[in-house]
Amino acid sequence: MKKMFKKLSVIALAFTMLFTAIPASAATSTEYYYLPSKTLSGSEYYDMLVTLDSTNKITASSVKSSSTSVATRYSLYYSGIKYSNTSYESSSTSSDSYGFATISFKIKKTGSTTISYKIGSTTYKTKLYVKAYTNPVSSITLTNVNSSKTFATKTKSSASASATLKKTTANAKLKISAKSGWKVQIIQLYYSNYTSSTSTSTSYYRYYNTPKSSVSVAVGRLTKGRTYTLAVTYVNTSNGGTITTNYTIS
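Residues numbered from 1 in each chain as written. Predicted model: local features only at pLDDT ≥ 70, side-chain atom pairs only at ≥ 80, totals over all residues. Heavy atoms only, no water.

**Comments concerning the sheet that holds strand β10 (residues 169-178)**
Filter applied, for reference: DSSP-based pairing: two strands are paired if at least 2 bridges between them are found. Working definition: helices are DSSP H or I runs of at least four residues, strands are E runs of at least two. Numbering for both runs from the N terminus. Here the axes come from fitting lines to C-alpha atoms, over the contacting stretch only for helices, and the angles between their N-to-C directions go from 0 to 180 degrees.
If you trace the 3 strands from one edge of the open sheet to the other, you get β8-β10-β13, paired in antiparallel fashion. Lying at the two open borders of the sheet, with one neighbouring strand each, are β8 (137-142) and β13 (214-222). Each adjacent strand pair in this sheet contributes to an overall mean axis angle of 15°, direction not counted. Strand direction decides the pairing type here: β10 and β13, joined by 7 bridges, are antiparallel. Of the residues in β13, the one forming a bridge with Ser177 is Ser214.

Structure, rendered in structure tokens:
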């Protein structure tokens, strides 16, 4: 995965990959991360999002990876929100704040490692399995893209690919079939830099609470000469790991 919060792929992954770690007193949680290509670029990162209250922070020195040959700690980033509420009836004002910590780990190779950190005296742990890239797409077609033929093989070696829109299409239809062991969970299609969690005249969004083996949806108008991004997030049926394929369509 490239750095977090970059455009569409991470918006999709936010639904399926981010998590809040659990206390060490409970069973260690487990996460599966699939590389985005068969060739490790040297700039792949796994990111954990941890929700914090207004008084807590992660002890920076406590962040660790048990197997540094698989993943090494990279950064610890904080962001927060402050809010207040004024009641005119009671003439009172209350306020509070909460925040988030993003812990980034640089991926070195496939394998497993235990990620741990502390908040106060409590240690939190996650067992991370880094898996090799595999193409989750059996078939994918989009009206007048790639001459309306499947472009599943475009993501044979990498989750990023490009395809050509032959002509303007009033109401394009997208059909996807996932490979055995994978299901479709999120579809996003947008024009230029616009993204949205709802469908509009220039974007399409769909999240399946129950992932589908195959889908067929109308995604709206595609205009020749514009550049679109299509992202499809697939979830592995055995371990819950995800792969998001990203297509640049122009």
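**Thoughts on the packing of aromatic side chains**
Threshold: A pair of Phe, Tyr and Trp rings is counted when the ring centres sit within 6.5 Å of each other, with Trp represented by its six-membered ring. The angle between the planes then sorts it: under 30 degrees is stacked, over 60 is edge-to-face, the rest tilted. Per-residue accessibility, obtained with a 1.4 Å probe over protein chains only, is compared with the maximum for each type, and a residue is labelled buried under 20%, exposed over 50%, and partly exposed between these values. Ring-over charges, as used throughout, are those where CZ of Arg or NZ of Lys falls within 6 Å of the ring centre and within 35 degrees of the ring normal.
Here the structure, examined in full by the defined rule, presents 7 aromatic pairs. Ring geometry for Tyr32 versus Tyr129: centroids 4.9 Å apart, planes at 15°, classification stacked. Placement of the pair is Tyr32 in strand β1 (residues 29-34) and Tyr129 in strand β7 (residues 122-131), with a sequence separation of 97 residues. Given the relative accessible area of 28%, Tyr129 is considered partly exposed. Measuring from centroid to centroid gives 5.4 Å for Tyr117 and Tyr124, while their planes differ by 10°, and the two rings are stacked. Considered together, Tyr117 and Tyr124 belong to a single accessibility category, that of buried residues. The ring of Tyr191 has Arg226 lying over it, and the distance from NZ or CZ to the ring centre is 4.3 Å.

**What about a nonpolar patch on the surface?**
The test is simple: Patch building starts from residues that exceed 30% relative accessible area and form no salt bridge, then joins like charges within 9 Å and nonpolar side chains (Val, Leu, Ile, Met, Phe, Trp, Tyr) within 5 Å. What sets the accessible areas is the Shrake-Rupley method with a 1.4 Å probe; for residues, cover comes only from the shown protein chains. Any Lys or Arg side-chain nitrogen located within 4 Å of an Asp or Glu carboxyl oxygen qualifies as a salt bridge.
Taken together, the side chains of Ile81, Tyr83 and Tyr98 define a hydrophobic patch exposed on the protein surface, amounting to about 280 Å² of accessible area. When you line up the elements, Tyr83 lands in strand β4 (residues 71-87).

**Digging into the nonpolar core**
We apply this condition: Nine residue types can take part in a nonpolar core, namely buried Ala, Val, Leu, Ile, Met, Phe, Trp, Tyr and Cys, and a core is a set of them joined through side-chain atoms within 4.5 Å. Whether two residues are in contact is decided by their heavy atoms, any of which lying within 4.5 Å being enough.
Of all hydrophobic cores here, the largest spans 33 residues; its most connected members are Ile140 and Ile187. Listing elements by their share of this core, those giving two or more residues are β8, β9 (160-163), β10, β11 (182-191), β12 (203-212), β13, β14 (228-236) and β15 (242-249). Residue contacts for Ile140: discarding those within four places in its chain leaves Lys149, Thr150, Phe151, Ala152, Leu174, Lys175, Ile176, Leu230, Val232 and Tyr247. Grouped together as the second largest cluster of nonpolar side chains are 20 residues, Val50, Tyr124, Leu128 and Val130 included.

**Section: the environment of Val232**
Mapped onto the fold, Val232 is located in strand β14. The class for Val232 is buried, based on a relative accessible area of 0%. Between the C-alpha atom of Val232 and that of Ala159, which follows or precedes it by 73 residues, the distance is 9.8 Å. The contacts of Val232, once residues within four sequence positions are left out, are Ile140, Ile176, Val184, Ile186, Ile243, Thr244 and Thr245.

**Observations concerning the sheet that holds strand β2 (residues 45-53)**
The 3 strands are arranged β2-β5-β4 in an open sheet whose pairing can be described as antiparallel. Strands with a single pairing partner mark the edges of an open sheet, and in this sheet they are β2 and β4. Neighbour-to-neighbour, the strand axes of this sheet turn through a mean angle of 15°, independent of strand direction. Both β2 and strand β5 (residues 92-107) contribute to a ladder of 9 bridges, which runs antiparallel. Its bridge partner being in β5, Met48 is matched across the sheet by Ile103.

**Regarding the confidence of the model for the protein**
Rules: A residue's pLDDT is simply how confident the predictor is in it, with values from 0 to 100.
With 85% of its residues at a pLDDT of 70 or more, the protein has an overall mean of 85. Ranking the helices and strands of the protein by mean pLDDT puts β8 first, with 98, and helix α1 (residues 7-14) last, with 40. Contacts from residues 1-26, a stretch scored under 50 in pLDDT, to residues over four places away or in other chains number 79 contacts.

**With respect to unusual backbone geometry**
Trans is the prevailing form of peptide bonds, just as negative phi is the prevailing case for residues other than glycine. Located in the positive-phi region is Ser91, a residue other than glycine, with phi close to 55°. With respect to the element layout, Ser91 can be found in the loop between β4 and β5. Judged by relative accessible area, Ser91 falls into the exposed class, the value being 68%. With phi around 55°, Ser147 is a residue other than glycine that occupies positive phi space. Tracing the backbone shows Ser147 in the loop between β8 and β9. Judged by relative accessible area, Ser147 falls into the partly exposed class, the value being 43%.

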